[in-house]
Amino acid sequence: MERNELQSLQELKEEEKIKILDRASNGILEKENADFLIKLIDNAENKTEVLKISALGMTYKRTGFHFDVRLEKNEGQTIRCLKKNENLSFDQGGITHKLIIGDNYPALLNLLINYKNKIKVIYIDPPYGKDHLGAFAQTNYNNAITRDNLLSMLYPRLILARQLLKDDGVIFCSIDDRNQAYVKCLFDEVFGEGNFLYMLSVVNNLNGNDNSSGMIETQEHCLFYAKNKDYFEVGVLPLDDEDSSDWQIDDLGYWKLGGSLKATGINAPREARPNLFFPIWINKQTLEISLEEQNNNWHKLIPLTDGKEMSWYWSKDKFIKDKDEVIVKKVGESYSLYKKQRPQLGDLPSKRAKTTFYSPKYANANSNKELKEIFKEKKFDYPKASFFIKDLISIANTNQNDIILDFFAGSGTTGHAVLELNKQDGGNRQFILVTNNEITDLNPNGIALDVTSKRLKRIMSGECYDESKDFKWLEKNTPYGDSLEVSEIQSIASSDHSVFEKIDEKLYGKDFENIHDKIEWICKEFELTCRKIEGE
């Protein structure tokens, strides 16, 4: 074994031994078992053996959460790497975004080569059951237990995803009612229960409230985890113009009108709460508030409900203390008082509960309409709305140069959302999408070729690959610009004498001046790409 390979193997051994010792110190593994696993790791002959042994220490749990974890094995002497698709790639200047076509497991391994600890946001919308896992999963996970298929498929991918995230990075996962509890347990194992942030209930069906049974399905779920909760702070949602009519702008940004400070209602007449009844004077020109009697250009405001004198929500002392947090809004000749409040997660103008992540733009009907305006016909089942993912990226507190990854990219909505958010705030965020090319009745050439790549080409350049421009989206939108690098997962036998020529280091951000440096780099980086999920 070459010196660089030995060094890389030893580094992996030390990383996995630290994980085993950490689980032992937390009481998850017995010390004797941990010591035994460490001895096995020390004697392992290659990286695959190290990972198999380490997996034993990762899958024995006291929580009662068990599933059939598929381990890894060598796929002969095959290297899986990226190959650029020249026909689908296009260069318009600006940011170069990436689309990788193929199985997302080797894609994630390839991304680790130059994106480890560099991704700020990961969003995934994985398949939910055995019949929707695609050709790859049916081949490798075709056992009798549907949920094992999903969890076994996700487990190694989440392990790799966590390594890609920055220390202050986050991951979102959309999931349905039937699987959300199990997938959350899986996320707890991989990311740590202490890094759980929210379980968002996302309203995506605006027509479900008419169900006569009273048991309505108007939402799905979205898990929200940080890689390290101590390094992450939830951001605030930017507001579209149509949403901002009930918001007040100050030097800190948008403030929500948190609720009218009008009379408390019929249960609190003036006589019942005299300490909450007092007049407030409002300057008709400046809308300034005073609790001292004023004349001339001031309006006297008292709490009224249906013409009856009632009580304020706040006492006079609280008004004096917090009156700088009060906003006056005038409509016609009427005045209303509001408390101002920074918008937080889920605190949208719809006044839905904070546990509900809601906007009419998230609705399935809207996401279907959005895609039809790009393609003229139905091309994809159950697409997500770009508005939804754009808001997730916003609350992930991204800066304008962050990288966003989606390795179950489907129709490419995450890329669309990143482009729209960059347009909205002038950012330079980069997206990386990974999708297979599953053939369906709607997409005879495969999803990646018929939907994902064509969607990105149309919204970024304003035309399809055949230079046609006859799609409705252009009537109300301007193309976003930027460039797209499309690559595919290719397999190369390590015995192939041209392997060092076939691997394009530029797809990994490298440009070697001599072949010796390139050979050394390939020997170090591509051993891990020679693995696949072990089937039955």
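Residues numbered from 1 in each chain as written. Predicted model: local features only at pLDDT ≥ 70, side-chain atom pairs only at ≥ 80, totals over all residues. Heavy atoms only, no water.

Observations regarding the overall build of the protein chain
- If you tally the helices and strands in the protein chain, you get 14 helices and 21 strands.
- Every one of the 536 residues in the protein chain was classed for burial, and the buried ones make up 50%.
- The long-range fraction of contacts in the protein chain, counting pairs at least 24 apart against all pairs at least 6 apart in sequence, stands at 72%. (Helix = DSSP H or I, 4+ residues; strand = E, 2+ residues; numbered from the N terminus. Buried < 20%, exposed > 50% of the residue type's maximum accessible area, 1.4 Å probe, protein only. Contact = heavy atoms within 4.5 Å.)

Things to note about the nonpolar core
- Membership of the largest hydrophobic core comes to 49 residues, with the highest contact counts inside it found for Phe 187, Leu 405 and Ile 503.
- With nine residues, the top contributor of residues to this core is helix H6 (residues 146-164).
- Not counting residues up to four positions away in its chain, the partners in contact with Leu 405 are Leu 108, Leu 111, Ile 119, Val 121, Ile 122, Tyr 123, Leu 164, Ile 432 and Val 434.
- Judged by nonpolar contacts, the second largest core, of 46 residues, contains Val 170, Phe 380, Ala 385 and Met 460. (Core = buried A, V, L, I, M, F, W, Y, C linked by side-chain atoms within 4.5 Å.)

Section: the packing of helix H10 (residues 386-395) against helix H11 (residues 413-425)
- For the pair H10 and H11, interaxial distance at closest approach is 8 Å and the crossing angle is 65°. Crossing of H10 against H11: the hand is right-handed. Taking contact as the criterion, the partners of Ser 386, Ile 389, Lys 390, Ile 393 and Ser 394 in H10 are, on H11, Thr 413, Thr 414, His 416, Ala 417, Val 418, Glu 420, Leu 421 and Gln 424.
- Partitioning the contact of H10 with H11 into residue classes produces five nonpolar, six polar and two charged. (Axes fitted to C-alpha atoms, helices over the stretch in contact; angles between N-to-C directions. Left-handed = near helix turned anticlockwise from the far one by under 90°. Nonpolar A, V, L, I, M, F, W, Y, C, P; charged D, E, K, R; others polar.)

A word on the packing of H11 against helix H12 (residues 447-461)
- Here H11 crosses H12 at 15°, and the two axes come no closer than 10 Å. As summarised for this structure, H11 and H12 are arranged roughly parallel, according to the angle between their axes. Like other packed secondary-structure pairs, H11 and H12 cross with a definite hand, here right-handed. Here Thr 413, Gly 415, His 416 and Leu 419 of H11 come into contact with H12, specifically with Arg 455, Leu 456, Ile 459 and Met 460. (Parallel < 35°, antiparallel > 145°, perpendicular 65-115°, else oblique.)

What to know about the pattern of salt bridges
- Using the criterion set out here, one finds 19 salt bridges in the structure.
- Between Asp 42 and Lys 17 there is a salt bridge; the shortest N-O distance is 2.9 Å. Within this pair, whereas Asp 42 is found in helix H2 (residues 31-42), its partner Lys 17 is found in helix H1 (residues 3-25), the two being separated by 25 residues in sequence.
- According to the relative accessible area criterion, Asp 42 is partly exposed, its value standing at 39%.
- The shortest N-O distance in the salt bridge between Asp 103 and Arg 157 comes to 3.2 Å. Here Asp 103, found in the loop between strand E3 (96-101) and helix H4 (104-115), pairs with Arg 157, found in helix H6; they are 54 residues apart in sequence, far enough to count as distant.
- When its relative accessible area of 19% is taken as the criterion, Asp 103 is described as buried.
- Salt bridges linked by common partners bring Glu 14, Lys 17 and Asp 42 together as one network. (Salt bridge = Lys/Arg side-chain N within 4 Å of Asp/Glu carboxyl O.)

Observations regarding the pairing of strand E19 (residues 430-435)
- Of all six residues making up E19, six are buried, and the element is well covered by its neighbours.
- Relative to E19, E3 is paired through four bridges, and the arrangement is parallel. By the bridge assignment for E19, Lys 98 is matched with Ile 432. (Pairing = 2+ DSSP bridges.)

Quick word on the sheet that holds strand E12 (residues 298-301)
- Spatial strand order, E11-E10-E12: three strands in an open sheet with antiparallel pairing. A strand with exactly one partner marks an edge of an open sheet, and here the two such strands are strand E11 (289-290) and E12.

A few points about the confidence of the model for the protein chain
- Across the protein chain, pLDDT averages 80, with 77% of residues at or above 70.
- Low pLDDT (under 50) marks residues 129-145, which in the prediction has 34 contacts with non-local residues, meaning those over four places away or in another chain. (pLDDT = per-residue confidence, 0-100.)

Examining the side chain of Arg 157
- Classification of Arg 157 by relative accessible area gives buried; the value is 1%.
- Within the structure, Arg 157 has its side chain in polar contact with the side chain of Asp 103 (distance 3.2 Å). (Polar contact = N/O pair within 3.5 Å; in protein donor to acceptor, adjacent residues only side chain to side chain.)

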